[in-house]
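# A structural walkthrough
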Amino acid sequence: MRSWISSRASARSVRNPAGDIVAHAHSVPFALDADGRGELPARGWDEVLGWAFSDLRRGVRPDTVSAVSVVVAPHAQGHGLSGRMLAAMRANAGALGFREVVAPVRPSAKHLEPRTPMEEYARRVRPDGLPHDPWLRVHARAGATFHSVAPASMTVAAPLEDWRRWTGLPFDAAGDIEVPGALVPVRCEPEHGYAVYVEPNVWMRHSL
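Residues numbered from 1 in each chain as written. Predicted model: local features only at pLDDT ≥ 70, side-chain atom pairs only at ≥ 80, totals over all residues. Heavy atoms only, no water.

### Things to note about the pattern of salt bridges
It is possible for side chains bearing opposite charge to pair when their charged atoms get close. The line we're drawing: The term salt bridge refers to a side-chain nitrogen of Lys or Arg lying within 4 Å of a carboxyl oxygen of Asp or Glu. Where helices and strands are cited, they refer to DSSP runs of H or I of at least four residues and of E of at least two residues respectively, numbered from the N terminus. Remark: exposure states derive from per-residue accessible area (1.4 Å probe, protein chains only) relative to the maximum for the residue type, with buried under 20%, exposed over 50%, and partly exposed in between.
Tallied over the full model, the rule gives 13 salt bridges. R124 is the salt-bridge partner of E113, the closest N and O atoms lying 2.9 Å from each other. Taken together, the residues span a long stretch of sequence, with E113 in the loop between β4 (100-105) and α3 (118-122) and R124 in the loop between α3 and α4 (134-141) at a distance of eleven residues. Judged by relative accessible area, which is 23%, E113 ranks as partly exposed. Between R187 and D176 there is a salt bridge, with the nearest N and O atoms lying 3.3 Å from each other. Of this pair, R187 sits in strand β7 (residues 186-189) while D176 sits in strand β6 (residues 175-177); the two residues are eleven residues apart in sequence, bridging distant segments of the chain. Three or more residues are tied together by salt bridges with common partners; here these are R37, D55 and R58.

### Remarks on the pairing of strand β8 (residues 194-207)
The test is simple: Pairing between strands requires that DSSP locate at least two bridges from one strand to the other.
Of all 14 residues in β8, ten are buried, a share of seventy percent or more. In the sheet, β4 pairs with β8 via six bridges, with the strands oriented antiparallel. From the neighbouring strand, V105 faces β8, where its bridge partner is V202. Judged from the eleven bridges that link them, strand β5 (residues 145-159) and β8 form a sheet pairing that is antiparallel. Following the sheet pairing, P159 is matched in β8 by Y194. Judged from the three bridges that link them, β7 and β8 form a sheet pairing that is antiparallel. Considered in β8, the bridge of E189 is made with Y194. Hairpin geometry of β7 and β8 is characterised by an intervening segment of four residues between the two adjacent antiparallel strands and by a positive phi of about 75° at G193.

### A short note on the confidence of the model for the protein
Where we set the bar: Values of pLDDT, which run from 0 to 100, indicate the predictor's confidence residue by residue. The contact definition used throughout considers only heavy atoms, calling two residues in contact when any of these lie within 4.5 Å.
Per-chain confidence: the protein averages 93 in pLDDT, with 93% of residues scoring 70 or above. Segment residues 1-7: pLDDT under 50, and 15 contacts once partners within four positions in sequence are set aside and those in other chains are kept.

Encoded structure:
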């Protein structure tokens, strides 16, 4: 596994003819088989990043690469760039000697069904057997398999003033608030002056 220290974080990007970046992808290596681990974490994206940087500080040798993000500019979507970025991430990990890429996937159409349980949504398939969700489908076509739902993959807790500024919503009633683009509702607690968003993701595993 050559160059594992210098490749602790990896980024790939695509530019248009004008030189503007229209897509980028980031990944990090970490030690999945380290003591106390062995399973992909329920806290998904949040925890795997913590593991990666903890391993870096302590000099722990990584054995797995996790995707962190794949972003495609809105005007460039629908042209297969997400698949290209995923392929580049897989190729980079393989070239560095890794045998698996894992991804805490944020399903791209789940925000249309914020009240649907992620477990139900993630297992929904089309007649051809591929996932119903477009982004999960890109991973499946690349050879990934569904592993599990990470029920608390990303957590954002902030004062109500911040949520109002971010969303333009009043956030003045206790309970679950649907926010455009969010995969699940945000829990609003006006008596405490806070709201909390706990986002589930889907662990997909890519063998290389």
